[in-house]
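Read off the chains here:
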Amino acid sequence: MRWETLEDALAVLETEREYDGYFCSVQDAVIIVILGSLCDLQSVKKIYEWATTEHVRTFLAETFGIKRIPCYWWLLSLLGIIRPESLNECMKQWVASVVPALAAKLETEEEEQSKKKKKQPLTIAIDGKAIRSTGKMKKYDNPLHIISAQIGELGLTLAQRTVESKSNEIPAVPELIKELEIKGCMVVADAMNCQIETAEAIIGAEADYLLSAKGNQQALMDDIAEYVQDTKLRAKMDSITRTEKGHGRKERRSAYTSDDVGWQPGGRTWPALKCIGALHTRFETSKGVTEEWHYYISSKALRAEELLHHAREEWSVETMHWLLDVHFDEDRCRVQSKNIQQNLNMLYKCALNIIRIHKRETQSKLPLNGIMFRALMNPYALLPLLGKI
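Residues numbered from 1 in each chain as written. Predicted model: local features only at pLDDT ≥ 70, side-chain atom pairs only at ≥ 80, totals over all residues. Heavy atoms only, no water.

1. Some remarks on the overall build of the protein
What counts is decided by this rule: Put simply, DSSP marks the helices as runs of H or I at least four residues long and the strands as runs of E at least two long, and each gets a number from the N terminus on. The classification of residues rests on relative accessible area computed with a 1.4 Å probe and restricted to protein chains. Under 20% of the type maximum is buried, over 50% is exposed, and intermediate values are partly exposed. Residue contacts follow a heavy-atom distance rule, with two residues in contact if any of their heavy atoms lie within 4.5 Å. Note that accessible areas follow from Shrake-Rupley with a 1.4 Å probe, and for residues the cover is restricted to the protein chains shown.
Broken down by element type, the protein carries 15 helices and 9 strands. Here the C-alpha coordinates of the protein stretch approximately 70 × 45 × 45 Å along the principal axes. For the protein, with 389 residues in total, the buried portion stands at 53%. For the protein, contacts bridging at least 24 residues in sequence account for 66% of all contacts bridging at least 6. Carbon and sulfur atoms make up 49% of the accessible area of the protein, which totals about 18300 Å².

2. Considerations on the nonpolar core
We count it as follows: Buried residues of nine kinds, namely Ala, Val, Leu, Ile, Met, Phe, Trp, Tyr and Cys, make up a nonpolar core once their side-chain atoms join them within 4.5 Å.
Ranked by internal contacts, the top residues of the largest apolar core, which has 128 residues, are Leu35, Leu38, Leu60, Ile182, Trp270, Ile297 and Ile354. Within the second largest apolar cluster, 5 residues are counted, among which are Ile131, Met137, Tyr140 and Leu144.

3. Some points on the pairing of strand E2 (residues 144-151)
Going by this rule: Strands are treated as partners if at least two bridges between them are detected by DSSP.
Counting buried residues in E2 gives 8 out of 8 residues, a clear majority hidden from the surface. Neither face of E2 is left uncovered, since the one carrying Leu144, Ile146, Ser148 and Gln150 and the one carrying His145, Ile147, Ala149 and Ile151 both have all their residues buried. Where E2 folds back onto strand E3 (residues 156-163) in an antiparallel hairpin, the turn is made up of 4 residues, including glycine 155, whose phi is positive at roughly 70°.

4. Comments concerning unusual backbone geometry
Keep in mind that most residues, glycine aside, have a negative phi and that most peptide bonds are trans. Of note, glutamate 206 is a non-glycine position whose phi angle comes to about 60°, a positive value. Along the chain, glutamate 206 turns up in the loop between helix H8 (196-204) and strand E5 (208-213). Note on glutamate 206: relative accessible area 51%, which makes it exposed. The residue aspartate 329 is not glycine, and still its phi comes out positive at about 50°.

5. Observations concerning the pattern of salt bridges
What counts is decided by this rule: Take a side-chain nitrogen of Lys or Arg and a carboxyl oxygen of Asp or Glu: if they are within 4 Å of each other, that pair is a salt bridge.
In this structure the tally under the stated criterion is 21 salt bridges. With a shortest N-O distance of 3.4 Å, glutamate 251 and arginine 249 are connected by a salt bridge. Residue classification places arginine 249 among the partly exposed positions, given a relative accessible area of 40%. Taking the shortest distance from any N to any O, the salt bridge between aspartate 329 and arginine 332 comes out at 3.2 Å. With a relative accessible area of 21%, aspartate 329 lands in the partly exposed category. One continuous salt-bridge network, built from bridges that share partners, spans Lys129, Arg132, Asp325, Glu330 and Asp331.

6. Some points on the environment of threonine 58
Following the sequence through the fold, threonine 58 ends up in helix H4 (residues 54-64). Residues threonine 58 and proline 379, spaced 321 residues apart in sequence, show a C-alpha to C-alpha distance of 10.0 Å.

7. Re the packing of helix H3 (residues 44-51) against helix H5 (residues 72-81)
Where we set the bar: Between N-to-C directions, angles cover 0 to 180 degrees, with each direction set by a line fitted to C-alpha atoms, over the stretch in contact for helices. Should an angle lie under 35 degrees it is considered roughly parallel, over 145 roughly antiparallel, and from 65 to 115 roughly perpendicular; all remaining angles are considered oblique. Left-handed describes a crossing whose near helix is turned anticlockwise from the far helix through less than a right angle; right-handed describes the clockwise counterpart. Residues are sorted three ways: Asp, Glu, Lys and Arg are charged, Ala, Val, Leu, Ile, Met, Phe, Trp, Tyr, Cys and Pro are nonpolar, and all the rest, Gly among them, are polar.
Two elements in contact, H3 and H5, have axes separated by 10 Å at closest approach and are oriented at 125°. Relative to H5, H3 is oriented oblique. The interaxial crossing formed by H3 with H5 has right-handed handedness. Mapping the contact onto sequence places Val44, Lys45 and Tyr48 in H3 and Tyr72, Leu75, Leu76 and Leu79 in H5. Looking at the contact of H3 with H5 residue by residue, the class counts come to 6 nonpolar, no polar and 1 charged.

8. Let's talk about the layout of surface pockets
Summary: where empty space remains is shown by rolling a probe the size of a single water molecule over the atoms. Quick note on the threshold: In this analysis a 1.4 Å probe is tested at points of a 1 Å grid over the protein atoms alone, and where it fits but cannot get out there is a cavity; an open set with protein on both sides within 12 Å along at least five of seven lines is a pocket; lining residues have an atom within 4 Å of a point. Grid points are joined across faces, edges and corners, and a volume is the space filled by probe spheres set on the points.
Empty space within the largest pocket amounts to approximately 410 Å³. Taken together, the elements giving at least two residues each to the lining of the largest pocket come down to strand E1 (123-131), strand E8 (275-285), strand E9 (288-298), helix H11 (304-313) and helix H12 (315-328). Partitioned by chemical class, the residues of the lining of the largest pocket number 9 nonpolar, 3 polar and 8 charged.

9. Some thoughts on the state of the cysteines
Where we set the bar: Any cysteine sulfur atom paired with another within 2.5 Å is treated as part of a disulfide.
Counted according to the given criterion, the structure contains 0 disulfides. We note that cysteine 275 lacks a disulfide partner, and the nearest cysteine sulfur, in cysteine 194, lies 13 Å from it.

10. Let's talk about the sheet that holds strand E6 (residues 238-246)
Across the sheet, 9 strands lie side by side as E3-E2-E1-E4-E5-E9-E8-E7-E6; this open sheet has mixed pairing. Each edge of the open sheet is held by one strand with a lone partner, namely E3 and E6. With strand direction ignored, the average angle separating the axes of adjacent strands in the sheet is 20°. Two strands pair when backbone bridges link them, and E1 and E2 are joined in this way by 8 bridges, in the antiparallel orientation. Within E2, the residue paired with glycine 128 across the bridge is isoleucine 147. Contacting E5, strand E7 (249-258), E8 and E9, helix H9 (residues 218-229) runs over the sheet at an angle of about 115° to E9. Strands in contact with helix H13 (residues 338-362) are E1, E2 and E3; relative to E3, the strand with the most contacts, it is inclined by about 170°.

11. Observations regarding empty space enclosed by the protein
Tallied over the full model, the rule gives 2 cavities of 30 Å³ or more. There is about 50 Å³ of room inside the largest cavity. The wall of the largest cavity is formed by Met91, Val95, Thr157, Gln160, Met346, Lys349, Cys350 and Asn353. Residue assignment for the lining of the largest cavity shows that the elements contributing at least two residues are helix H6 (84-113), E3 and H13. Sort the elements by how many residues they give to the lining of the largest cavity and H13 lands first, with 4 residues. Considered class by class, the residues forming the lining of the largest cavity number 4 nonpolar, 3 polar and 1 charged. Together, Gln150, Gly155, Thr157, Met320, Leu323, Lys349, Leu352, Asn353 and Arg356 line the second largest cavity.

Have a look at this one:
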């Protein structure tokens, strides 16, 4: 069913110029790239070579009705005429259509794990990633920078927005938030996006924020740090500690929260501010011990356990960025076209979304690269990933 909803979303793709599709439709080109990406192929050139092998040609014709494969140049050209804004809208609608069922399944799993555990809102993690190869191209004054909104608990990319450089991320994040249906969610963002305008946009979307305070909000960070480091005040804060061991290290995380915010930390009026918090992390490895403090503000009166949960989910978007580089070698993509770079970024994320959904629905223990390798060896192994069997 999920593949049918994706095909329906792609049916309304818009192009920047007229194209009659007499040889290969834009939708067919997109499907070929998504399927090739699911096979862990790192470039359009490799996807083209894969798609033109005899057994894959047969598979594409029988299963998807794609009877003619465009040449490599024409495949790139088709990707280049797609309006990135239109593809982003298609991806956003598709993810929105599958989230309710996945969220309900997640809630059921959490209830089974702990009857006493309070239901957590979904975490929307927002962060940007530069495509480094574009920084070396003459067509770009600055590296292409793509901001993504990730549903942390589900590992799904919801939407993205492109800016010309990292410095433009700050004003772009509120605009991205205004495009999202995130009512009731918790939006987490790094220190760069700890901005009043961002907080206002989140509240305007009927969501809550959890923002990290660092050097760009020095007064805010210093005030929260002074409060938390006062042992008497910290003793009154809600707190929790979790310890994990693995991969040759021991990690201890302690969270602290307080709704004592009448004094407005940082001397500025943050919209709907209801909570300050802190995370103390302690890592023990064979090389020694490192400790860090992180400070937060939130529009929700969080318990320490909730702060620990949402702050950790912020890393989901970083994980997705890492996967884009590991599986698709994105930082070394030499395609000059800005449209193609943006569209490939979205199609790679779509492939990751499909695998994440498959793993959640089937409880598969296979790693992503294992699932992708199976699909590369046998294209019919793609069908379970797409929900077509």
